[in-house]
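Chain by chain, the residues:
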Amino acid sequence: MQTPRILACGDSALSVEFGETIDPDINGKVLALDDALRMRSPAGLLETVPTYRSLLVQFDPTLTDYDALAALLTAEAQGLAPRASTGRRWRIPVVYGGEYGIDLEDVAERHGLTPRQVIDRHAGAVYRVYMIGFLPGFAYLGGLDPTLATPRRTQPRAKIPSGSIIIGGAQAAVGSIECPSGWHILGRTPVRSYAPERDPAFLLGAGDEVVFEPVDTSRWDMLDREAQAGGVVAEEIRP
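Residues numbered from 1 in each chain as written. Predicted model: local features only at pLDDT ≥ 70, side-chain atom pairs only at ≥ 80, totals over all residues. Heavy atoms only, no water.

**Some thoughts on the side chain of Ser-193**
Position of Ser-193 relative to the elements: it lies in the loop between β12 (184–188) and β13 (209–214). Polar contacts involving the side chain of Ser-193 include one to the main-chain carbonyl oxygen of Gly-137, which spans 3.3 Å. (Helix = DSSP H or I, 4+ residues; strand = E, 2+ residues; numbered from the N terminus. Polar contact = N/O pair within 3.5 Å; in protein donor to acceptor, adjacent residues only side chain to side chain.)

**A few points about helix α5 (residues 220–228)**
Within the span of α5, buried status applies to Trp-220, Leu-223, Asp-224 and Ala-227. Projected onto a plane normal to the axis of α5, the buried residues spread over an arc of 100° and lie on a single side. Note on α5: the residue one or two positions beyond its end, Gly-230, has a positive phi of about 105°. (Buried < 20%, exposed > 50% of the residue type's maximum accessible area, 1.4 Å probe, protein only. Arc of directions from axis to C-beta.)

**Some points on helix α2 (residues 66–77)**
The end-to-end C-alpha distance of α2, which contains 12 residues, comes to 16 Å, matching closely the 16 Å that a straight helix rising 1.5 Å per residue would cover. Regarding α2, its N-cap is Asp-65, as a side-chain oxygen of that residue lies 3.3 Å from the backbone nitrogen of Asp-67 further along. Directly beyond the C-terminal end of α2, a positive phi value near 65° is found at Gly-79. (Expected span 1.5 Å × (residues − 1).)

**Topic: the packing of helix α1 (residues 24–40) against α2**
Following both chains from N to C, one finds α1 and α2 inclined at 120°, their axes separated by 10 Å at the closest point. Judged on the interaxial angle alone, α2 and α1 are oblique. Seen from above, α1 lies across α2 with right-handed handedness. On the side of α1, the interface is formed by Leu-33, Ala-36, Leu-37 and Arg-40, while α2 contributes Leu-72, Leu-73 and Glu-76. Residue composition of the contact of α1 with α2, grouped by class: 5 nonpolar, no polar and 2 charged. (Axes fitted to C-alpha atoms, helices over the stretch in contact; angles between N-to-C directions. Parallel < 35°, antiparallel > 145°, perpendicular 65-115°, else oblique. Left-handed = near helix turned anticlockwise from the far one by under 90°. Contact = heavy atoms within 4.5 Å. Nonpolar A, V, L, I, M, F, W, Y, C, P; charged D, E, K, R; others polar.)

Note that all results are geometric; they support no functional claim without further evidence.
In structure tokens form, the structure reads like this:
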């Protein structure tokens, strides 16, 4: 899609759509437009919400209107280069399987793999954080090994633990707080991707990268205590 599509979302928001697929260049344009609006701060702009392929722009209709803002956004988006990675890559420890990853064996059986092979393939990828949404700090990831793509559960669970490391369809995610979910739980991390008492409250941001480090169950208590005490636990590394 060369020219983004702009759609009205009620009388005080609009959506700028750059494409239809999960693609790093499309997402990079979303983030580049988000950056441009933050720098420019046009009159009436209230908030922007980046997603995989679009940017939601909320505005004050007493200070601007749809036509003026749509024209500005169209001009800003022309020739927009995708935002490069932020340069932040996080190594996140994960305890896979057992009580921490109750769907690991089922996912392995579905794909004709051993649990170890699922772990190796899941932890062997470099993931892109495409967006934060659904819940505070919930990170949607792209980069899942296609051989692990698994349809979501037909019966969602009423709740899954905070820090669940999950997959659904071709997507992966780092869970933040306890929540309902139809995604498959491969493991769990003690990392608090959302901590309201911390500054910043969100650890991960759109455009970051994530790699997972399998750790033994015996390390969980120590890492969890460290995270409870305010430790980040995740390690910021360079690509």
